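Residue-level structural notes
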Amino acid sequence: MGPDIHFDLMVTRNAELRAEAAEHRRAREVIAARKNRSDGERRRGLNLFRKTSAA
């Protein structure tokens, strides 16, 4: 394998790994955001909606 082909493969693999890392980081951020959101806030919102729709 010539050095130019090897370099191109390294650059391509580096780009693939960076894209995978960015996707994984976004997935972890979504999971963390879901965990940080408390169930109480969601219940309060649903209860408020039920009160307004029943009235």
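For the structure itself, consult the block above.
Report on the accompanying structure.

Moving on, we come to the overall build of the protein chain. Scanning the protein chain from terminus to terminus reveals 2 helices and 0 strands. Across the 55 residues of the protein chain, 2% fall into the buried class. Accessible surface, the protein chain as shown: approximately 5,400 Å² in total, 57% of it carbon and sulfur.

Our focus in this paragraph is the pattern of salt bridges. A complete count under the given rule lists 1 salt bridge for this structure. Measuring nitrogen to oxygen at the nearest pair gives 3.3 Å for the salt bridge that ties E16 to R13. Of this pair, E16 and R13 both sit in helix α1 (residues 3-36), 3 residues apart, which is roughly one turn of that helix. A residue is classified by how much of its surface remains accessible, and E16, at 39% relative accessible area, is partly exposed.

This brings us to a nonpolar patch on the surface. A surface patch of nonpolar side chains, about 350 Å² in accessible area, is lined by M1, I5 and L9. Positionally, I5 belongs in helix α1. Of the residues examined, I5 reaches a relative accessible area of 47% and is grouped as partly exposed.

What counts, and where the lines are drawn
- Residues numbered from 1 in each chain as written.
- Predicted model: local features only at pLDDT ≥ 70, side-chain atom pairs only at ≥ 80, totals over all residues.
- Heavy atoms only, no water.
- Helix = DSSP H or I, 4+ residues; strand = E, 2+ residues; numbered from the N terminus.
- Buried < 20%, exposed > 50% of the residue type's maximum accessible area, 1.4 Å probe, protein only.
- Areas by Shrake-Rupley, 256 points an atom, 1.4 Å probe, with all protein chains shown as cover.
- Salt bridge = Lys/Arg side-chain N within 4 Å of Asp/Glu carboxyl O.
- Patch = residues over 30% accessible without salt bridge, like charges linked within 9 Å, V, L, I, M, F, W, Y side chains within 5 Å.

As far as function goes, none of this settles anything; it's purely spatial.
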